[in-house]
Each structure stands twice: as structure tokens, then as C-alpha cells.
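Architecture at a glance
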Amino acid sequence: IDSSTHPLFSFSESTLKAFQWHSYAFETPQSAIRFATNQNTVNQGFIYNNNVVATQFHPETTVAWVEQCLVDQSFPLATPENSAHRQTSTQVRRDTLHQPALQGWYFRILDQLLL
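Starting from 1, residues in each chain are numbered consecutively following that chain's sequence as written. Only residues with pLDDT of at least 70 get local features here, since the model is predicted, and only at 80 or more are side-chain atom pairs given and counted; chain-wide, interface and lining totals rely on the full set of residues. Note that water and hydrogens are dropped before the side-chain values are worked out from all heavy atoms of the structure.

Observations regarding unusual backbone geometry
Apart from glycine, the bulk of residues carry a negative phi angle, and the bulk of peptide bonds sit in the trans form. Short version of the rule: Strands here are runs of E lasting at least two residues and helices are runs of H or I lasting at least four, both read from the DSSP assignment and numbered beginning at the N terminus.
One non-glycine residue, Asn-49, lies in positive phi territory at about 55°. With respect to the helices, strands and loops of the structure, Asn-49 is situated in the loop between β2 (45–48) and β3 (52–55). Positioned with a positive phi, Asn-50 is a non-glycine residue whose angle comes to about 60°. Its place among the elements puts Asn-50 in the loop between β2 and β3.

Details of the pattern of salt bridges
Once the charged atoms of two side chains with opposite charge are near each other, the side chains can pair. Basically, it comes down to this: Salt bridge, as applied in this entry: a Lys or Arg side-chain nitrogen positioned within 4 Å of an Asp or Glu carboxyl oxygen. A 1.4 Å probe rolled over the protein chains alone gives each residue an accessible area, and that area as a share of the maximum for its type sets the label: buried under 20%, exposed over 50%, partly exposed in between.
Applying the stated criterion across every chain, the model contains two salt bridges. A salt bridge links Glu-67 to Arg-93, with the shortest nitrogen-to-oxygen separation between them at 2.7 Å. Of the two residues, Glu-67 is situated in helix α1 (residues 63–71) and Arg-93 in helix α2 (residues 89–95); the sequence distance between them amounts to 26 residues. A residue is classified by how much of its surface remains accessible, and Glu-67, at 32% relative accessible area, is partly exposed. Here Arg-93 falls in the partly exposed class, since its relative accessible area comes to 35%. The shortest N-O distance in the salt bridge between Asp-95 and Arg-94 comes to 3.3 Å. Residue classification places Asp-95 among the buried residues on the basis of a relative accessible area of 14%. Judged by its relative accessible area of 47%, Arg-94 falls in the partly exposed class.

Describing the pairing of β2
Here is the rule: Note on pairing: DSSP must find at least two bridges between two strands before they are called paired.
In the sheet, strand β1 (residues 33–36) pairs with β2 via three bridges, with the strands oriented antiparallel. Pairing of Arg-34 across the sheet is with Phe-46, part of β2. Across four bridges, the pairing between β2 and β3 is antiparallel. Within the sheet, the bridge partner assigned to Tyr-48 lies in β3 and is Val-52.

A word on the sheet that holds β2
Either a parallel or an antiparallel arrangement is found when strands of a sheet pair, and the pairing is made through backbone hydrogen bonds. Note the following rule: For helices, the fitted axis covers only the stretch in contact; all axes are lines through C-alpha atoms, and the angles between them, taken along N-to-C directions, range from 0 to 180 degrees.
Spatial strand order, β1-β2-β3: three strands in an open sheet with antiparallel pairing. Each having just a single partner strand, β1 and β3 make up the two edges of the open sheet. Averaged over all adjacent pairs, the angle separating strand axes in this sheet is 25°, with direction ignored.

Things to note about the environment of Thr-41
Among the structural elements, Thr-41 can be located in the loop between β1 and β2. Residue classification places Thr-41 among the buried positions, given a relative accessible area of 15%.

Quick notes on α1
For clarity, the threshold we go by: In this description, the arc belongs to the directions extending from the helix axis to the C-beta atoms. Contacts are residue-level and defined by heavy atoms, with any inter-residue pair within 4.5 Å sufficient.
Buried within α1 we find Val-66, Cys-69 and Leu-70. Down the axis of α1, the smallest arc covering the buried residues is 100°, so these residues share one side. Away from its buried face by more than 90 degrees, α1 exposes Ala-64 and Val-71. Buried residues along α1 sit in contact with α2.

Such coordinate-based values are descriptive only and should not be taken to indicate function.
See below:
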């Protein structure tokens, strides 16, 4: 998270551990401000017209939903088996300890949009 890109993110840490379940990608719109990247995909989040926040990752996710994805075969781990970025179920479960803080960050962003 680049908190210097927009005042909306002034409270934000520069690094957040985020849940991402898929391998999709997007292009940031020309007039949007990119605020999030990672080592896999340069476009992870942007703000548009000061009132739209878009994320490629999933800050809204609950730990229960992550668990559901892990056990439900209709939600396979999206990255290819041989990908260096693919995590095991054990790794995903371990990282859910970061989810409540990420969800709080996201809701704080949404609250600021309404002010």
C-alpha cells in the first residue's frame, strides 16, 4: 500500500498481508491512482475519482470464508500447481491471522469514503 498516493490511505501501513484467491489481473484505468501492488501483479488496487476504491485482493474476506474455500472443491486454489506463488492449505490457514486487521483496514477506507 502506498499511503502517499492519496489522503484516503494516510493512516495505512505501507505493507499489508492480503488474501488473494485467484490469478486474474487488470489494467489500472488511465485516470486512476494505483495504491497497491505485490510481487506477482503490479495492479492490486486503485482509487478512481476520489470515490471508487478497487482491489484485486480480498480485504472483505472472513476467516470462515477462507476455510470454506479451502474445503469446497468448487473453489480450487487458483494458481497453477507448479507456480512459485501457490500456497498450501496450511500456509493459507496460517495467514488468516492477518485477515481481521486487513478487514478493519478495508472498513476504515469505506467509512472515509462516506464522510
